[in-house]
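Here are the chains, one letter per residue:
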Amino acid sequence: MFFHIVLERNMQLHPRYFGRNLRDNLVSKLMKDVEGTCSGRHGFVVAVTGIENIGKGLIRDGTGFVTFPVKYQCVVFRPFKGEILEAVVTMVNKMGFFAEAGPVQIFVSNHLIPDDMEFQSGDMPNYTTSDGSVKIQKDSEVRLKIMGTRVDATEIFCIGTIKDDFLGVINDPATA
């Protein structure tokens with residue numbers, strides 16, 4: 001799920017960036033440092049949407065660097081248990097398959113895949129229904145439900161299922 005939140009960060013800026021463009025340099029460094037990162041508490045930072053406040057800088061002794069406290073608004077992505085997501089399958093093996101929904105990697109165990117789907121090994125491993133009408137393989141788009149999440153300091157891992165109503169393949173690259 002996406003959230004619009006306010007975060008704070010202490011930014012260090014080299015003296016060569018001081019001058020008329022100090023604020024622009026600080027904002028561009030913030031975007032470069034923050035966008036695309038993950039904090040376990042808030043989730044993945046998708047984009048910085050605005051700057052609320054830049055505090056007074058504090059000169060660091062001996063280096064000349066200045067530390068500015070910056071309060072900024074950003075959009076974050078954080079998956080929750082029970083959430084329905086659409087994801088792209090990245091790898092299939094006999095244990096299940098891995099899929100990605102944006103920056104989040106999701107594993108779907110073969111126990112959480114419908115019973116009528118069987119693993120087919122070969123040059124393009126996949127899970128196929130007994131009548132062959134539905135196939136889950138690399139680059140397939142699936143709708144899945146998150147069963148659980150594990151949050152590290154810099155990453156979020158999820159376990160998902162497609163063993164529920166209205167879940168499963170939504171776009172198969174083999175038929176497209």
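Residue positions are given per chain, counted from 1 along the sequence in the order it is written. Local features in this predicted model are restricted to residues of pLDDT 70 or higher, and side-chain atom pairs are both shown and tallied only at a pLDDT of 80 or more, whereas totals for entire chains, interfaces and linings draw on every residue. To obtain the side-chain values, all non-hydrogen atoms of the structure were included, while hydrogens and water were left out.

Caption draft 1: Structural detail: the overall build of the chain. The secondary structure listing takes helices from DSSP runs of H or I that are at least 4 residues long and strands from runs of E that are at least 2 residues long, numbered from the N terminus. Check the secondary structure of the chain and you find 1 helix and 14 strands. Taken over C-alpha atoms, the radius of gyration is set against a globule rule of 2.2 Å times the number of residues to the power 0.38. In terms of overall dimensions, the chain is more spread out than a globule: its C-alpha atoms have a radius of gyration of 22 Å, far above the 16 Å expected for 176 residues. Taken over 176 residues, the chain has a buried fraction of 32%. Here, residues are in contact when the closest pair of their heavy atoms is within 4.5 Å. In the chain, the share of contacts with a sequence separation of at least 24, taken over all contacts with a separation of at least 6, comes to 60%. Relative accessibility decides the category of a residue: with a 1.4 Å probe and only protein chains considered, values under 20% of the type maximum give buried, values over 50% give exposed, and everything between is partly exposed.

Caption draft 2: A look at the domain arrangement of the chain. By convention here, the domain bounds are inherited from an automatic or database domain assignment. Here the chain is described as being made up of domain 1 (2-77) and domain 2 (84-171). Averaged C-alpha coordinates put domain 1 and domain 2 at centres separated by 37 Å. Between domain 1 and domain 2, the residue contacts involve 6 residues of the former and 10 residues of the latter. Both sides of the domain 1 and domain 2 interface together cover about 570 Å² of buried area, and 76% of this is carbon and sulfur. Simply put, the buried area is the total loss of 1.4 Å probe accessible area from both parts when two parts are fitted together.

Caption draft 3: Spatial organisation of helix H1 (residues 22-34). With 13 residues, H1 extends 18 Å between its outermost C-alpha atoms, agreeing within 8% with the 18 Å of an ideal straight helix rising 1.5 Å per residue. Taken together, the buried positions of H1 are Leu26, Val27, Leu30 and Val34. In a view along the axis of H1, the buried residues occupy a sector of 95°, so they form one face of it. Counted as exposed and oriented over 90 degrees from the buried face of H1: Asp24 and Lys32. In this analysis, the expected span of each helix is defined as 1.5 Å times one less than the number of residues it contains. This arc is built from the directions going out from the helix axis to the C-beta atoms.

Caption draft 4: Structural detail: unusual backbone geometry. Phi is positive for Asp139, which is not a glycine, with a value near 75°. Inspection of the secondary structure puts Asp139 in the loop between strand S11 (135-136) and strand S12 (141-151).

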